[in-house]
Amino acid sequence: MADALLSMVVIRHGETTLNAAGRYTGQLDPPLTARGRAQAVALAPLVAGAFDRRLHSGAQRAADTLRIACDAAGLHGIELVADPCWRERSFGILEGEPAGGWTQPADLDAAPPGGESYRTIGLRVLAALDALRADALREGRPLRVLLCAHSGVLRMLAAIAADAPDVAAILGPGTPNGAALELTYAAPAMPRFLSSSPS
């Protein structure tokens, strides 16, 4: 994309105890498992690259994944910035419960009981993304950003980068723990899947 303002390497945190148990996490903050810590170490070659910002959601699982990866890359003590705009989608009363107790319909405004809809998290992620693009415009150069976040956030970032036409683009399998996406963004614009009227 020739007019890119922002390129991102976005990592999903390593496996946690709730992931391993097959339970909804949402905004709970379980620790990494031994496997999750090993997944973080394996990310060292990826995080060793040149980045203008190294960010995480503020959740301990994201902070630990990024710190372990950076330490394994020899980047001891490098600044990692927490930004709660990148936190996971809230699953409300289902958090900590066995996964499968609620199925996301093809409706951007549907939400688990007491939790966030995809529209809500999408607008939150878009605002954080637009803040980074505004930084790039102020600095007069493209920015390269490393982010450690969560499955719901990665779904939104991928859909925004692709200008997905509807909610169907975010309903498939999510990014596995410890895996990464490389995404590029141009000038701020409302993606099509978020521009539809609330139901």
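As a reminder, the structure under discussion sits directly above these lines.
Residues numbered from 1 in each chain as written. Predicted model: local features only at pLDDT ≥ 70, side-chain atom pairs only at ≥ 80, totals over all residues. Heavy atoms only, no water.

Right, let's get into the pattern of salt bridges. Per the stated rule, a full pass over the model turns up 11 salt bridges. Across the pair arginine 133 and aspartate 130 runs a salt bridge whose closest N-O atoms are separated by 2.5 Å. Pair noted here: arginine 133 and aspartate 130 are both in helix α5 (residues 118-139), with a separation of three residues, about one helical turn. (Salt bridge = Lys/Arg side-chain N within 4 Å of Asp/Glu carboxyl O. Helix = DSSP H or I, 4+ residues; strand = E, 2+ residues; numbered from the N terminus.)

What follows is about the packing of aromatic side chains. Summed over all chains, the structure comprises one aromatic pair. Relative to phenylalanine 91, the ring of tyrosine 24 lies with its centre 5.0 Å away and its plane at 25°, an arrangement referred to as stacked. Placement of the pair is tyrosine 24 in the loop between α1 (17-20) and α2 (34-42) and phenylalanine 91 in the loop between β3 (81-82) and α5, with a sequence separation of 67 residues. Judged by relative accessible area, phenylalanine 91 falls into the buried class, the value being 15%. The ring of phenylalanine 91 carries arginine 89 above its face, with NZ or CZ at 5.3 Å from the centroid. We note arginine 89 situated over the ring of tyrosine 118; from NZ or CZ to the ring centre the distance is 4.0 Å. (Phe/Tyr/Trp six-rings, centres within 6.5 Å; stacked < 30°, edge-to-face > 60°. Buried < 20%, exposed > 50% of the residue type's maximum accessible area, 1.4 Å probe, protein only. Lys NZ or Arg CZ within 6 Å of the ring centre and 35° of its normal.)

With their axes 9 Å apart at the nearest point, α5 and helix α6 (residues 151-161) run at an angle of 70° to one another. Relative to α6, the element α5 lies roughly perpendicular. Seen from above, α5 lies across α6 with right-handed handedness. Facing α5, whose interface residues are Tyr118, Ile121, Gly122, Val125, Leu126 and Leu129, α6 presents Gly152, Val153, Arg155, Met156, Leu157 and Ile160. Looking at the contact of α5 with α6 residue by residue, the class counts come to nine nonpolar, two polar and one charged. (Axes fitted to C-alpha atoms, helices over the stretch in contact; angles between N-to-C directions. Parallel < 35°, antiparallel > 145°, perpendicular 65-115°, else oblique. Left-handed = near helix turned anticlockwise from the far one by under 90°. Contact = heavy atoms within 4.5 Å. Nonpolar A, V, L, I, M, F, W, Y, C, P; charged D, E, K, R; others polar.)

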